[in-house]
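Descriptive structure summary
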Amino acid sequence: MANSDNQSSLVVAMLGAPNAGKSTLVNRLVQAKLSIVSPKAQTTRFALRGIRTIGKAQLVLVDTPGMFDANERLGKAMVQSALNGVAEADHVLLLLDASRANAVETAQKLLASQGGNKAPISLVLNKVDKVAKEKLLPLTAALAALHAFDHVFMISALEGDGVRELEQHLCAQAKPGPWLYPADQLTDINERLFAAELTREQLFMALQQEVPYGLTVETEKWEENRNGVKIYQQIVVERESHKAIILGKGGSKLKEIGQSAREAIGAQLGRKAHLFLHVKVKEDWKDRPEYYQSMGLEF
């Protein structure tokens, strides 16, 4: 580890609407898969910290749930988690999907949500590879008129274009002082929750319509042995009809999901994983504090 006298760190929070690419960008910057990603909006449910140490600088990248107009308890808790993540940041990245027609309106709402937060904000236009170049300049000008941004970046988090320049800028903003985490640590999330999130990612990918939003995954038991790890997880759903969809005919859908999740978990843990899944119906799980506590959300 470098001499602490030469170390610096920066806590960077992602702020954006659902599906803007925040998790993809965090994974790209950390150079590891930490946040789950799916084409569906509102995949991220709680703030997760990814850690990247580059030379003498350490970036703590806070992936936050997408900001949206929440009506139910879970949605409100997700939005509050995002606001909490931004409030603790030294630097905020306002991440916008440049390909969306309402990017300026979205930016206005996101900036208004900041309240009294005084951290510098950089504007990050993502998915610019999907936008005609002649449209980017007027879009950037309209956005720049909303706020005195620290810097403006045009990137593709998925392809990696422009991310190196963003990374260098953040490292240059790092504040002198001891690192917040050991140099080899990649995240603050524990393995049990990480494994549950990887299973939930597979559920999001395999299921359609409202089903993914009405479920959660809990790791109930974790047994290490010479052959790897045995993981017992419970998939909690709100309706019997959702349980039937997840199980599939003769349990075929659950078996398929379990195989994909097992492979993903084993790859991330770096050892063989044996995964055992079962599905339970709890109509009121979104109104029970224990499920929020397991995700670090305020109830």
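Described below are features of the structure shown in this document. (Residues numbered from 1 in each chain as written. Predicted model: local features only at pLDDT ≥ 70, side-chain atom pairs only at ≥ 80, totals over all residues. Heavy atoms only, no water.)

**Re helix H1 (residues 22-30)**
Side chains that are three or four residues apart share a direction in an α-helix, a result of its 3.6 residues per turn. Counting buried positions over the nine residues of H1 gives seven, a clear majority of the element. Burial in H1 covers these residues: Lys22, Ser23, Leu25, Val26, Asn27, Leu29 and Val30. Looking at the packing, one finds that the buried side of H1 touches strand S1 (8-16), strand S2 (48-54), strand S3 (57-63), strand S4 (91-97) and helix H5 (163-173). Where H1 ends, the next residue or the one after it, Gln31, has phi of about 65°, a positive value. (Buried < 20%, exposed > 50% of the residue type's maximum accessible area, 1.4 Å probe, protein only. Helix = DSSP H or I, 4+ residues; strand = E, 2+ residues; numbered from the N terminus. Contact = heavy atoms within 4.5 Å.)

**Digging into the pattern of salt bridges**
Summed over all chains, the structure comprises 19 salt bridges. For Arg73, the salt bridge identified is with Asp287, shortest N-O distance 3.5 Å. With Arg73 in helix H2 (residues 73-87) and Asp287 in the loop between strand S10 (273-281) and helix H9 (289-294), this pair connects stretches of sequence that are 214 residues apart. Note on Arg73: relative accessible area 38%, which makes it partly exposed. A residue is classified by how much of its surface remains accessible, and Asp287, at 48% relative accessible area, is partly exposed. Two residues, Lys221 and Glu223, come together in a salt bridge whose shortest N-O distance is 3.7 Å. In this structure Glu223 comes out as partly exposed when scored by relative accessible area, which is 30%. Where salt bridges share partners, they join Arg49, Glu88 and Asp188 into one cluster. (Salt bridge = Lys/Arg side-chain N within 4 Å of Asp/Glu carboxyl O.)

**A few points about the nonpolar core**
In terms of nonpolar packing, the biggest core is built from 60 residues, with Leu25, Leu61, Ile231, Ile235 and Ile246 touching the most fellow members. Residue contributions to this core peak at six residues, all from helix H6 (residues 191-206). Core analysis: the second largest hydrophobic core is formed by 32 residues, Val92, Ala98, Ala107 and Tyr181 among them. (Core = buried A, V, L, I, M, F, W, Y, C linked by side-chain atoms within 4.5 Å.)

**A few points about the side chain of Thr106**
Relative to the elements of secondary structure, Thr106 occurs in helix H3 (residues 103-112). On the basis of relative accessibility, which here comes to 15%, the residue Thr106 falls in the buried class. Once residues lying within four places of it in the same chain are set aside, the contact partners of Thr106 are Ala17 and Leu96.

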